[in-house]
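So the chains spell out like this:
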Amino acid sequence: MKLNHHKDSSEKLIWERTLSGSVSPTRPGSKLMVLLLLLVSATYVVYTLKLISNSRACHVEPFSAVVRRLNDMVNSSQPLIIFQSNQTAVIESYTSSPPPPPPPPPQTNLSHVVFGIAASARLWKQRKEYIKIWYKPNQMRGYVWLERPVKKLDEDDEISLPPVKISGDTSKFPYKNKQGHRSAIRISRIVTETLKLGLQDVRWFVMGDDDTVFVAENLIRVLRKYDHNQMYYIGSLSESHLQNIYFSYGMAYGGGGFAISYPLAVALSKMQDRCIKRYPALYGSDDRMQACMAELGVPLTKELGFHQYDVYGNLFGLLAAHPVAPLVTLHHLDVVEPIFPNMTRVDALKRLQAPAKLDSAGLMQQSICYDKRRKWTVSVSWGFAVQIFRGVFSAREIEMPPRTFLNWYRRADYTAYTFNTRPVSRHPCQKPFVYYVTTAGVHPTTNMTVSRYESHRVAQPGCKWKMANPGDIRTVVVYKKPDPHLWDRSPRRNCCRVKAKKNNTLEISVAVCRMGEVVEVM
């Protein structure tokens, strides 16, 4: 026990001397070892602190992990972003899925259109009846623009007509055309004044006169073809070649209606007043509008369904051979005869609304076929009239409008139209038998439209041809399936087929042409 105690005391003494620097010179390596140990410990502590600090600022992945993540991103086509921080390349990628694309905007419908109707206080009492035929207050937006206030509308008119607005003062604008009227300036500014009302969600401004009748569903079909975010000026020409020469072949005639996209209306509003002042000698509102369009550099986009109808007399020839395009407007209804005989103009137009509600896309569309057994040629203008001719006529001839109307310029002849026409046949055996639509409905089981056309009883000249007489037919019944997507396809006439003759009734079907079906002369 004593021996151990002596040993412990000796070791303690040596350790104290070592710490105090009084170690024996016989142990020179001890001091060096202690210093080396302290240096290594301090270096380790500093390095550990620096490592911890760097790992908080930036996480460095192992190289194998980086390679694996790059392969994943290449395979998944995810975006790659490289950042440089503290001289260390760090690669990050977006691992989350991209956000879904926004839903496409809704298709253009009636709520996106605002009508501007140019009207006269003097003629308002009678012309408002035309507007009642086509305007739908619960589905449409629009305004009637008058030059002065009129007598307060009755309750029925307020419900069925657009609100009435009074045009702004145009006395500051010069007007020097001796044949026209300065109201043209007021009318030309309707689009701009309607824009300044500040209506929301407007894509198109549509102009028309108080004697213009729109087929609104077909108007929408036309407008859907165009991007409303671009500048468009859509309408059609006059039927009179001379009118187009005097005014412009690049001008939309306002009575036939025209459409202006919202961006174009905004651009027009910023310069129109200055533009109007530059053209005091122009005649009407249409040519002033076209002059401003020329300055804006926007050409007319022609659509054949807008009808100015610069003609006199009977529209039958034009309507029975309507071009292969949706019927959008009718105009100058106070100038031409009623479209159905023995009726007022307004009542005749009301009759047209029944087939228009059933199949507006097919309204007035012509189909041509043959009754081979009786050697008849049949032309169906769906929803309007049917014609039966003795003999066989080519489709090229039947699709050409017969001149039942007169030119806007009384002294002009048939060469003064902007389209081909044919004379009304003088041969007693080639005069057509005409049947006008009387009713239209839907068959309860087949869901096909069933329209009835009654004979227009007029004296027929005697015919010596030894063949079946169409005069024996009193009624024509036409069956047709509604086709709202008719104009989503390439333009083509429908085909008709003579089904049967029962007593005094001829039954006809109208449908999309079958594969290989051709209207060819027998």
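None of the values given here were measured: they were computed from a predicted structure.

Chemist: Go over the overall build of the chain, please, and point to the residues and values.
Modeler: Along the chain, the regular secondary structure elements total 14 helices and 21 strands. The proportion of buried residues among the 522 residues of the chain is 43%. In the chain, 66% of the contacts between residues at least 6 apart in sequence involve partners at least 24 apart. Carbon and sulfur atoms make up 56% of the accessible area of the chain, which totals about 29,200 Å².

Chemist: Would you mind going over the pairing of strand β4 (residues 141–146) in detail, with residue names and values included?
Modeler: Every regular strand shows the same layout, with side chains that alternate between the two sheet faces. With five of six residues buried, β4 is to be regarded as a mostly interior element. Relative to β4, strand β3 (residues 113–118) is paired through five bridges, and the arrangement is parallel. Within β4, the residue paired with G116 across the bridge is Y143. Handedness of the β3-helix α4 (residues 124–134)-β4 crossover: right-handed. Strand direction decides the pairing type here: β4 and strand β5 (residues 164–166), joined by three bridges, are parallel. When the sheet's bridge partners are listed, L146 is paired in β5 with I166. With respect to chirality, the unit in which β4 leads through helix α5 (residues 155–160) into the neighbouring parallel β5 is right-handed.

Chemist: Talk me through the sheet that holds β3; I want residue IDs and the actual numbers.
Modeler: Spatial ordering of the open sheet is given by β5-β4-β3-β6-β9-β8-β10, a layout of seven strands whose pairing is mixed. In the strand order of this sheet, the two ends are held by β5 and β10 (301–302), each with one partner. The strands that helix α10 (residues 262–277) touches are β6 (204–209), β8 (233–235) and β9 (258–261); relative to β9, the one it contacts most, it runs at about 85°.

Chemist: Report on the packing of α10 against helix α11 (residues 285–296), specifying residues and quantitative values.
Modeler: Where α10 contacts α11, the two axes come as close as 10 Å, and the packing angle between them is 110°. In terms of orientation, α10 and α11 fall into the roughly perpendicular class. Along this stretch, α10 crosses α11, giving a crossing that reads as right-handed. Facing α10, whose interface residues are L264, A267, L268, M271, Q272, C275 and I276, α11 presents R288, M289, A291, C292, M293, E295 and L296.

Chemist: Go over unusual backbone geometry with me, naming the residues and quoting the values.
Modeler: If you check the backbone angles, N342 has positive phi at about 60° while not being a glycine. Tracing the chain through its elements places N342 in the loop between β12 (329–330) and α13 (345–358). Even without being glycine, K375 reaches a positive phi, approximately 60°. Within the secondary structure, K375 sits in the loop between β13 (366–371) and β14 (376–381).

Chemist: So what's going on with the state of the cysteines? Which residues, and what values?
Modeler: A full pass over the atoms with the stated rule returns four disulfides. The disulfide that involves C275 links it to C292, with 2.2 Å between the sulfurs. Where C275 bonds to C292 through sulfur, the torsion about that S-S bond is close to -110°, and the disulfide is left-handed. Separated by 17 residues along the polypeptide, C275 in helix α10 and C292 in helix α11 bring together distant segments of the chain. Residue C275 is classed as buried on the basis of its relative accessible area, which comes to 0%. Looking at C292, the relative accessible area reads 1%, which means it is buried. At a sulfur-sulfur separation of 1.9 Å, the disulfide partner of C495 is C513. Where C495 bonds to C513 through sulfur, the torsion about that S-S bond is close to 95°, and the disulfide is right-handed. In this pair, C495 sits in strand β20 (residues 495–502) while C513 sits in the segment after β21 (505–511), placing the two residues 18 residues apart along the sequence. For the chain, the disulfide bridges join cysteines in the arrangement 1-2, 3-7, 4-5, 6-8, where the cysteines are counted in sequence order.

Chemist: Hey, could you go over the packing of α4 against α13 for me, with residue numbers and the actual values?
Modeler: One way to put it is that α4 packs onto α13 with a least axis distance of 10 Å and a crossing angle of 5°. On the basis of the axis angle, α4 is roughly parallel to α13. Judged by residue contacts, E129, Y130 and I133 of α4 engage R345, V346, L349, K350 and Q353 from α13. Grouping the amino acids of the contact of α4 with α13 by side-chain chemistry returns four nonpolar, one polar and three charged.

Chemist: Tell me about the nonpolar core, and name the residues and values.
Modeler: In terms of nonpolar packing, the biggest core is built from 75 residues, with F115, W134, I339, F384, V476 and V478 touching the most fellow members. Both domains that meet at this core, namely domain 1 (110–312) and domain 2 (358–511), each give it at least three residues. Excluding anything up to four places from it in sequence, V478 contacts V380, W382, V386, T449, V450, S451, Y453, I508 and V510. Among the nonpolar cores identified, the runner-up in size contains 28 residues, and F205, M271, M293 and L300 belong to it.

Chemist: How would you sum up a nonpolar patch on the surface? Please name residues and give values.
Modeler: A cluster of nonpolar side chains, namely V34, L35 and L38, defines an oily patch on the protein surface of about 290 Å² accessible area. With relative accessibility at 55%, the residue L38 sits in the exposed group.

Rules used throughout
Residues numbered from 1 in each chain as written. Predicted model: local features only at pLDDT ≥ 70, side-chain atom pairs only at ≥ 80, totals over all residues. Heavy atoms only, no water. Helix = DSSP H or I, 4+ residues; strand = E, 2+ residues; numbered from the N terminus. Buried < 20%, exposed > 50% of the residue type's maximum accessible area, 1.4 Å probe, protein only. Contact = heavy atoms within 4.5 Å. Areas by Shrake-Rupley, 256 points an atom, 1.4 Å probe, with all protein chains shown as cover. Pairing = 2+ DSSP bridges. Right-handed = clockwise from strand over helix to strand, strands pointing away. Axes fitted to C-alpha atoms, helices over the stretch in contact; angles between N-to-C directions. Parallel < 35°, antiparallel > 145°, perpendicular 65-115°, else oblique. Left-handed = near helix turned anticlockwise from the far one by under 90°. Disulfide = S-S within 2.5 Å. Nonpolar A, V, L, I, M, F, W, Y, C, P; charged D, E, K, R; others polar. Core = buried A, V, L, I, M, F, W, Y, C linked by side-chain atoms within 4.5 Å. Domains from an automatic or database assignment. Patch = residues over 30% accessible without salt bridge, like charges linked within 9 Å, V, L, I, M, F, W, Y side chains within 5 Å. Salt bridge = Lys/Arg side-chain N within 4 Å of Asp/Glu carboxyl O.

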